[in-house]
Every structure is written in structure tokens, then in C-alpha cells.
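Here's the letter readout for the chains.
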Amino acid sequence: FFRSVDAPAVEGLENLQYEIPNLSVEYVEVKTPIPVIFWRSVGNSHNAFTVESFMDEMAYAAQKDPVEFRLQHLEHNPRAHRVVEVVAEKSGWGKPLAAGRALGIASHYSFGSYVAQVAEVSVDETTGKIKVHRVVCAVDCGPTVNTDIIRAQMEGALTMGLSAALKEKVEFGDGGVRSANFFDYHLLRMSEAPGEIEVHIVDSDGEIGGIGEPGLPPIAPAVANAVFSATGARIRNLPMTPETVLEALEQST
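Residues numbered from 1 in each chain as written. Predicted model: local features only at pLDDT ≥ 70, side-chain atom pairs only at ≥ 80, totals over all residues. Heavy atoms only, no water.

A.B. asks: Sorry, what's going on with helix H4 (residues 147-166) here?
C.D. replies: Residues lying three or four places apart along an α-helix face the same way, a consequence of the helix completing one turn every 3.6 residues. In a regular helix each residue adds 1.5 Å, so 20 residues correspond to 28 Å; H4 covers 28 Å between its end C-alpha atoms and thus fits that length. Taken together, the buried positions of H4 are Ile-150, Met-154, Ala-157, Leu-158, Gly-161, Leu-162, Ser-163, Ala-164, Ala-165 and Leu-166. Buried residues along H4 sit against strand S2 (113-124), strand S3 (129-140), strand S6 (196-201) and helix H5 (219-231). The N-capping residue of H4, defined by a side-chain oxygen 3.1 Å from the backbone nitrogen of Asp-148, is Asn-146. (Helix = DSSP H or I, 4+ residues; strand = E, 2+ residues; numbered from the N terminus. Expected span 1.5 Å × (residues − 1). Buried < 20%, exposed > 50% of the residue type's maximum accessible area, 1.4 Å probe, protein only. Contact = heavy atoms within 4.5 Å. Polar contact = N/O pair within 3.5 Å; in protein donor to acceptor, adjacent residues only side chain to side chain.)

As C-alpha cells, then:
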């Protein structure tokens, strides 16, 4: 299988954590004049956004709670099932929130580790600005030695993913790259980072997995799913800039 396609392009798709009776994964190579190369978590980054956003859409179509819907499709996968249970419990899923806030969930398997995250967000529907107030993360990477390193990697990876999800975009035009430096390639600032990040390490005797990259893939879909919960608008493009949010809000009305 991996000899016939670009393996990193289908990461997070051909090895889905969910039980899907009939699964077909296809890959179409597109030649572009702009070279692309690996980014943190490689293909899991954009593929997790696609899969976990669509899982939420299917839950909504089935009139199921997003956590319940995921758990139903993880009954064969106890490690993935457990991280979703833990993150739902620790985030207070289903409990009342402050006015104007909503929760979104996403989970993903990559590099041998299972990670689930819940983002608590609010959306200014006048400006389109998203504020991420809190992120709760559960991780099963197998037996652990230094839990401080695991927490640090989860915090750093999800912050990096959040920066890309909300702000980062290379602009092209006039025959070249328009984004010259950090004054026009915007990163998440400290004032925009979540006020709280909780990392819960799930006890596990499973096979040891990686920890440097698995914290990144779930954050973008968790935020996008929270935006839908708060506003009814689906975000299907990244980054989730105010302009993108306002366009989605207009389409949802």
C-alpha cells in the first residue's frame, strides 16, 4: 500500500482509530510550483482537521452528542475510547458554561499515541474573532517515565497547532511570496493563548508511542467544532481568521 502512494499524505486516514466497516482511502498527487515539505505531525495535521470536523458533522446529522458519537465508534479501540472518556470528564463536558462559551472535541491517533482535546471558546460574531479560553488534553502514550516532558510536549504542540489554526498563512502573489517576515506572517501571541491548558496522562500498559507531535492534530478541529457549537457556523478552511469566521457565519444564516 505505502509503495503506491505518498505515505505521509494519508497519515491519519489509512490508520483511522474509528471502526469503519468499509473504508477507501485515495490519494491524488497535485504538482504545484510551490515546494511543500513536512510540518509538525506531517499528514496528521490537515487530515485530523478533516476527519474530526466531519465526525462532528456526522454526529450532528445523527442527532448525537459529539462525545457519545465518537465513543460509539471507538468501542473496538479501548485506548482511544478511554482518552475521549477522560477528556470529556475533565473538561466538564455537558455541564453549564459561562455565557457565550462553547466546547468542541476532537481526538486523533498518531505516532503510536492517542490524544483527545476539548477547546472552550467564545466567538465575537461582530468581528469574527475567536477566543480560546481553555484547552483540556488527555493523552495515552503507553508507559511513562518523565510526565513533565509529556505535559510540556502536549502544551507546546497544541499551542503551535492553535497558532496555525487561527493565524498562520503564507501569502503568494506577483510571482512570489508576499509574506516577508513576522510583521506580515502572524503567530499566536501570549495574549491570545489559552488562559488554561490542562494535560491529563492516562495510565496505560500499551505499546510506547511518540510524544513530540501527537499533541498538535486535534486542536484545530476541536476549536472549529466549538465554533459550530457556539454559532452554528461550520469552519472548513484554515486558518480561522476573523474574515473566515464572518464568511462562515454569513453562509450559516
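A.B. asks: Would you explain the environment of Val-84 in this entry?
C.D. replies: You can see Val-84 is positioned in helix H3 (residues 78-91). In the structure, Val-84 is positioned 61 residues away from Val-145 in sequence and 23 Å away in space, judged by C-alpha atoms.

A.B. asks: Would you take a moment to explain the packing of aromatic side chains for this structure?
C.D. replies: We describe a pair of aromatic rings using the distance from one ring centre to the other and the angle between the two ring planes. For the structure shown, the criterion picks out two aromatic pairs. Here the aromatic rings of Tyr-60 and Phe-228 are separated by 5.2 Å at their centres, their planes lie at 80°, and the arrangement is edge-to-face. Of this pair, Tyr-60 sits in helix H1 (residues 44-61) while Phe-228 is found in helix H5, placing the two residues 168 residues apart along the sequence. Ring centres 4.6 Å apart and planes at 40° place the aromatic pair Tyr-109 and Tyr-114 in the tilted group. (Phe/Tyr/Trp six-rings, centres within 6.5 Å; stacked < 30°, edge-to-face > 60°.)

A.B. asks: Help me understand the side chain of Arg-234, please; the structure alone is not making it clear to me.
C.D. replies: Mapped onto the elements of the fold, Arg-234 is located in the loop between H5 and helix H6 (242-252). Overall, Arg-234 belongs to the buried group, its relative accessible area being 15%. For Arg-234, the side chain forms a polar contact with the main-chain oxygen of Asp-56, separated by 3.3 Å. A polar side-chain atom of Arg-234 sits 3.5 Å from a polar atom in the side chain of Asn-225. Not counting residues within four places of it along the chain, the set of residues in contact with Arg-234 comprises Ser-53, Asp-56, Glu-57, Tyr-60, Asn-225, Phe-228 and Ala-248.

A.B. asks: Mind showing me how you'd approach the packing of H4 against H5 here?
C.D. replies: Each pair of packed helices can be summarised by the angle the axes make with each other and by the distance between the axes. Contact geometry of H4 with H5 gives a least axis separation of 8 Å together with a crossing angle of 55°. Here H4 is positioned oblique relative to H5, judged by the angle of their axes. For the pair H4 and H5, the crossing hand works out as right-handed. Between H4 and H5, the residues in contact are Leu-158, Gly-161, Leu-162, Ala-165 and Leu-166 and Ile-219, Ala-220 and Val-223, respectively. The residue makeup of the contact of H4 with H5, split by class, is seven nonpolar, one polar and no charged. (Axes fitted to C-alpha atoms, helices over the stretch in contact; angles between N-to-C directions. Parallel < 35°, antiparallel > 145°, perpendicular 65-115°, else oblique. Left-handed = near helix turned anticlockwise from the far one by under 90°. Nonpolar A, V, L, I, M, F, W, Y, C, P; charged D, E, K, R; others polar.)

A.B. asks: Before we go on, may I ask you to explain a nonpolar patch on the surface in this structure?
C.D. replies: A cluster of nonpolar side chains, contributed by Ile-34, Val-170, Phe-172 and Val-177, occupies part of the molecular surface with about 320 Å² of accessible area. Along the chain, Val-170 turns up in the loop between H4 and strand S4 (172-173). (Patch = residues over 30% accessible without salt bridge, like charges linked within 9 Å, V, L, I, M, F, W, Y side chains within 5 Å. Areas by Shrake-Rupley, 256 points an atom, 1.4 Å probe, with all protein chains shown as cover. Salt bridge = Lys/Arg side-chain N within 4 Å of Asp/Glu carboxyl O.)

A.B. asks: What am I meant to see in the pairing of S2 here?
C.D. replies: A regular strand places its side chains on the two faces of the sheet in alternate fashion. Across the twelve residues that make up S2, a large majority, eleven, are buried. In this structure, strand S1 (residues 101-110) lies alongside S2, joined through ten bridges in antiparallel fashion. The residue of S2 that forms the bridge with Ala-102 is Val-121. A loop of two residues connects S1 with S2, the two strands running antiparallel in sequence, and Phe-111 in this loop sits at a positive phi of about 55°. Linkage of S2 to S3, two consecutive antiparallel strands, is achieved through a turn of four residues, within which Gly-128 is found at a positive phi near 85°. (Pairing = 2+ DSSP bridges.)

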